[in-house]
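Close look at the chain arrangement
Next come the chains, spelled out residue by residue.
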Amino acid sequence: MYLASKKPIIHFLTNYVTMQDVANMCIASGGRPIMSDASMEFEEIIPKVDGVVINIGTADQLRFDKMDHAHRIAKAHNKILLLDPVGCNASRFRLDYCIQSLKNGGISILKCNAHEAKALLNEEISPTFVGVDSQTVMGEQHHELVRNLWKKFEVYNLELIVIITGATDYIASSKGAWELTGGSVLQQRITGTGCMLNSLIITRACASSMDRHEAILKALDCMNRSSQMAAKWIVHQQRLGLYKQQLLDEVAKRSAPIYLITQETVDEQTFLYSCMPKTKLALQSGVGYLQYRVKDKAWEEKLRESRQLQALAREYGTTFIINDDVRLAKEIGADGVHLGIQDISIREARLELGPNAVVGATAKTIQQARCAAKNGADYLGVGALFSSPTKKDALPMDLTTLQSIYNHISLPLYGIGGITPNLLTQEYTKYLDGVAMVSTIYQEKNENITKKIHQIRENF
Ligand SMILES: Cc1ncc(COP(=O)(O)OP(=O)(O)O)c(N)n1
Ligand SMILES: Cc1ncsc1CCOP(=O)(O)O
Ligand SMILES: [Mg+2]
């Protein structure tokens, strides 16, 4: 069974200020939320879910009793349990509850800000309270804090991971300590981004077959990059109120790792009876982007085929992209185009298709990646990563080029070229949001396509 083949179900006991955003972020991250507060149904619900989040934001005794109950059941059933001790530095009431919870065991992930971390470590309330949304003071180093907090509570909680969020995120677990930078200052200008991050972390931790620590690092990185992209969009538009919406969209874009590119067919029969059914099977298993790619077909044929694929993509909520041909994309009203170095420019395509069109670009080098980002590409197809049976002249790039693109560019990155489940190791996936594939899917027997897609997806 492939764990990632199902969308993880997450039970949230979370504050009512940000509950809707938390549920939406869980969906955007590829999960299914259940927001039950009713103690009487916990015994039935919690055994069936994949993860549980306890966020104490709107604390009261009744809620704490319910949280204790949910915590006991989650622990008994070995569920991934995330505790967010919101504002535990503000009152003895909150702090005592959180410390007791951590001592009760069964917590997999503790996610807090630096003020909360200090209160938990020292078991003391801050003399000066700075608000529940407060973030790390810029420039403050928290390597020691995260390590000490982990040391204090890992004795009660098996395989505990501690995360201190802020301008820099600090992570500690039995594997060591890390720090991650990125994100945007706008995250602090709306309430709830911390609670939304809980959704992303737990959904990724439950869905991925990656080592849990790696999956969490990737989730934090996803939030940072998504926040940066959302912030760019808002600065242009000068509309802070839309930032949250854009953030959800950016995370959703990065949570659909399968990009399918059609294989050119020799005749109409092959298109109808091989390409279409295979595409349908793949889309049923969850594909973020579908690209129509042909090199040698007449206009009428391209029109006919692309319209059929587009109808299928609409049925499954998949974004439909045309390779190379902006005129065709415009004619059928596709969602966007993919352009390489030899194709029409990104700016011209955008002028033709309008501001809402998705314009993807190929990057084989860091210079091409920078140029595409500057010209307003929405994502990058990066490769070829391996030698490709579909595009034999595409030279494989080395891993350092991929790393460099990842380090300098915040756009979603899709690896392309000769992708197979075996070649797609964490060495590659840690730098990618997804992969674009032709032969691995279209050369597969129909009955194996679902399994193949799931095998690929669980690497993310
Ligand atoms: C997602 C994605 N990435 C890269 C490519 C390659 O585009 P290009 O370099 O223009 O080569 P052709 O596909 O046109 O031969 C792509 N199509 N899709
Ligand atoms: C279009 C393209 N660009 C670089 S490799 C490639 C083809 C990818 O096909 P496959 O997944 O069969 O290697
Ligand atoms: Mg092209």
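Since this is a predicted model, take the numbers as computed values, not measurements. Per chain, residues are indexed from 1 in the order of the written sequence. Here the convention is simple: chains get letters from A, ligands get numbers from 1, in the order in which they are written. In view of the model being predicted, local features appear only for residues whose pLDDT reaches at least 70, and side-chain atom pairs are presented and counted only at 80 or more, with totals across whole chains, interfaces and linings using the full set of residues. Heavy atoms throughout the structure, all of them, feed into the side-chain values; hydrogens and water do not.

**Some points on the side chain of Asp-169**
For clarity, the cut-off: Put simply, DSSP marks the helices as runs of H or I at least four residues long and the strands as runs of E at least two long, and each gets a number from the N terminus on. Only protein chains enter the area calculation, which uses a 1.4 Å probe; residues under 20% of their type maximum are buried, those over 50% are exposed, and those in between are partly exposed. For the purpose of charge, His is not counted, nor are the chain termini; Lys and Arg are scored as positive and Asp and Glu as negative. When a carboxyl oxygen of Asp or Glu lies within 4 Å of a side-chain nitrogen of Lys or Arg, that pair is called a salt bridge. Throughout, a residue-residue contact means that at least one pair of heavy atoms, one from each residue, lies within 4.5 Å.
Looking at the secondary structure, you find Asp-169 in strand S7 (residues 168-173). For the buried Asp-169, which has no salt bridge, the nearest side chain bearing the opposite charge is Lys-111, at an N-O separation of 8.7 Å. Other than its neighbours up to four places away in sequence, Asp-169 contacts Ile-164, Trp-178, Glu-179, Leu-180, Leu-220 and Asn-224.

**Section: the sheet that holds strand S2 (residues 32-34)**
For clarity, the cut-off: A pair of strands counts as paired when DSSP detects no fewer than two bridges linking them. Here, axes are lines fitted to C-alpha atoms. For helices the fit covers the stretch in contact, and angles between N-to-C directions go from 0 to 180 degrees.
Reading across from one edge, S2-S1-S3-S4-S5-S6-S7-S8 is the order of the 8 strands in this open sheet, with mixed pairing throughout. In the strand order of this sheet, the two ends are held by S2 and strand S8 (176-181), each with one partner. For this sheet, the mean inter-axis angle between neighbouring strands, taken without regard to orientation, is 20°. Together, strand S5 (109-113), strand S6 (161-165), S7 and S8 form the strand contacts of helix H6 (residues 143-154), whose direction differs from that of S7 by roughly 30°.

**Quick look at the coordination of the magnesium ion (ligand 3)**
By definition of the ideal shapes, a tetrahedral metal site with four donors has angles of 109.5 degrees and an octahedral site with six donors has angles of 90 or 180 degrees. Defined as follows: Think of the donor list as every N, O and S atom within 2.8 Å of the metal, or within 3.2 Å for Na, K and Ca; water never makes the list, so a site can look incomplete.
For the magnesium ion (ligand 3), the full set of protein donor atoms is Asp-324 (OD) and Asp-343 (OD), and the range of their distances to it is 2.0 to 2.2 Å. Pair noted here: Asp-324 is in the loop between strand S11 (319-323) and helix H12 (326-332) and Asp-343 is in the loop between strand S12 (336-339) and helix H13 (346-353), with a separation of 19 residues, a long-range link. On the accessibility criterion, Asp-343 (25% relative accessible area) is partly exposed.

**Observations regarding the domain arrangement of the protein**
For clarity, the threshold we go by: Just so you know, the domain bounds were taken from an automatic or database domain assignment. Put simply, buried area is the surface a 1.4 Å probe can reach on two separate parts but cannot reach once they are joined, added for both. Ten residue types, Ala, Val, Leu, Ile, Met, Phe, Trp, Tyr, Cys and Pro, are classed as nonpolar, four, Asp, Glu, Lys and Arg, as charged, and the remainder, Gly among them, as polar.
Per the domain assignment, the segments making up the protein are domain 1 (9-253) and domain 2 (258-457). Computed from C-alpha coordinates alone, the two centres of domain 1 and domain 2 are separated by 34 Å. Taken together, the contact pairs 9 residues of domain 1 with 10 residues of domain 2. Here domain 1 packs against domain 2, burying approximately 930 Å² in sum over the two surfaces, 44% of which is carbon and sulfur. Interface area lost by domain 1 to domain 2 is led by Lys-218, Arg-225 and Lys-253, which between them contribute 54%. Here the element with the most residues in the side of domain 1 that touches domain 2 is helix H8 (residues 212-237); it accounts for 6 residues. Split by residue class, the side of domain 1 that touches domain 2 holds 2 nonpolar, 1 polar and 6 charged.

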